[in-house]
Amino acid sequence: MKPSFYDLTYTDLETIVERHGFNNSVTPTLFNWFYKKKRNSPCHNLISKPALAFFERYYDFSLPEIDTVYESEKDRTVKFLFKLNDGQKVETVLIPFNNKYSICLSSQVGCAMNCAFCFTGEQGLKRNLTTGEMIGQFLKAWQWLAENRPGEERILNIVFMGQGEPLHNFDAVKKACEIFLSQFGFSVGVQKITISTAGYLPGLKRWNREMPGVNLALSLHSPFSEKRDELIPINRKYPLDEVLAYIDRIALNKKQFVTYEYILIKDFNDGPLDAEKLGTLLAGKSAYISLIPFNPFPGSRYRRPDMQTVERFKAVLDTFRIPTLIRGVKGDDVLAACGQLNSNG
Ligand SMILES: C[S@@+](CC[C@H](N)C(=O)[O-])C[C@H]1O[C@@H](n2cnc3c(N)ncnc32)[C@H](O)[C@@H]1O
Ligand code: SF4
């Protein structure tokens, strides 16, 4: 099987171009064609015939196939079920805001972290996604918008909040970010990319060293260790206090921020004591809290609290002066909301 062209960062491509003696302009031309212009046809006449023949012979330019598209009737969220080359499936979500979109990318087929509240976790880890498969999710979603919602093909934010733990597939995610950031290609601003993690500390350390400027979201979900152990099993190996202490030591740049995600689960972590303890833990940090009312899925053991409880929880956090947002539930009618993604559509 040929390697995918979409696995190559700008530097990888430069090295190949140089090694084979092609003109230096081949690298920016290919990035411009496939990523800035987002064309999915061969770039005849733009690069020399030998260079074109070489890339067509040795690289695969195919993108993941869209198996099914689910469009929310409620709020225009779009969920794609992609079929990958080996038959595995993953989901990607486009979340609309004012005719622009955030894209929620998957980084793994399934996930090894086995969080108790997550549909993806139930699948276990099937495999890591390649860089090309992550770039492919973006390109196909963009092309779908261009064809089906012309004029709306504006994807402004990239969040690694789909299936999988991105820091557990660090190398491939890092390369995908490099391609998104490349000024000759997608040219996405670094502050527009967010990596969400359940608190996988070895990956967090690499994120800090190797992904300067990329935003972080930490899935916190309970300030109490016993409850967090129940929700997120890796809390036993990398306890929250160690993770928070590590994040506190990081020198963030001015535009970078850390979001603490907190799923509100009915009668489990949605009471005033939970809110007080969370506020005490995060007060004084330069942090945002994103409250996510639990999204149920077939067979889930937890329930979503009512909006009054959610508002009461937020009111307690407000007393600590921590900027807190209640994340609107989008796409839940097509199981496209946080934690509802699965490889079976
Ligand atoms: C699916 S995860 C992927 C990123 C990473 N693995 C993580 O856990 O942060 C993205 C976000 O969805 C949240 N999530 C998972 N299951 C959920 C559910 N059933 N309802 C609401 N949010 C959920 C996670 O806690 C996390 O904040
Ligand atoms: S919440 Fe994130 S880390 Fe936990 S199982 Fe789901 S995808 Fe994996």
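Once a new chain begins, its residue numbering starts again from 1 and follows that chain's sequence as written. Here the convention is simple: chains get letters from A, ligands get numbers from 1, in the order in which they are written. Local features in this predicted model are restricted to residues whose pLDDT is 70 or higher, and side-chain atom pairs enter the listing and the counts only when it is 80 or higher, whereas totals over whole chains, interfaces and linings include all residues. The side-chain figures draw on all heavy atoms in the structure; neither hydrogens nor water molecules are used.

Trainee: Please explain the sheet that holds strand β8 (residues 193–197) as it appears in this structure.
Mentor: Being paired, for any two strands, means DSSP has found at least two bridges between them. Under the scheme used here, helices are H or I runs from DSSP no shorter than 4 residues and strands are E runs no shorter than 2 residues, and both carry numbers assigned from the N terminus. Overall, mixed pairing links the ten strands, which are arranged β1-β2-β3-β4-β7-β8-β9-β10-β11-β12 in an open sheet. Of all the strands in the sheet, the pair left with one neighbour each is β1 (65–71) and β12 (324–326). Recorded for the sheet is a direction-independent mean angle of 25 degrees between the axes of neighbouring strands. Examined bridge by bridge, β1 and strand β2 (residues 78–83) share six bridges and lie antiparallel to one another. The residue bridging Y70 from the neighbouring strand is K79, located in β2. Only heavy atoms matter for contacts: two residues are in contact if any of them lie within 4.5 Å across the pair. Fitted lines through C-alpha atoms serve as axes, helices being fitted only where they are in contact, and the angles separating the N-to-C directions of these axes extend from 0 to 180 degrees. Contacts from helix α11 (residues 307–319) reach β10 (258–264), β11 (287–293) and β12, with the element oriented near 170 degrees to β12.

Trainee: Whenever I open this one, the packing of helix α6 (residues 170–181) against helix α7 (residues 201–210) confuses me. Can you help?
Mentor: For the pair α6 and α7, interaxial distance at closest approach is 11 Å and the crossing angle is 30 degrees. In this view, α6 runs roughly parallel relative to α7, as classed from their interaxial angle. Of the two possible hands of crossing, α6 and α7 adopt the one that is right-handed. Only G203, R206, W207 and E210 of α7 make contact with α6, whose side of the interface consists of F170, D171 and K174. Convention used here: angles under 35 degrees read as roughly parallel, angles over 145 as roughly antiparallel, angles from 65 to 115 as roughly perpendicular, and any remaining angle as oblique. By the definition used in this description, the sense in which the near helix is turned from the far one sets the handedness, with an anticlockwise turn below a right angle giving left-handed and a clockwise turn giving right-handed.

Trainee: I'm lost on the pairing of β2 in this one. Help?
Mentor: Here the term buried applies to any residue with accessible area under 20% of the maximum for its type, exposed to any over 50%, and partly exposed to those in between, with areas from a 1.4 Å probe on protein chains only. β2 sits mainly inside the fold: five of its six residues count as buried. Relative to strand β3 (residues 89–97), β2 runs antiparallel, the two being bridged by six bridges. Bridge pairing links L81 to E91 in β3. Two successive antiparallel strands, β2 and β3, enclose a turn made up of five residues, where G87 displays a positive phi of approximately 90 degrees.

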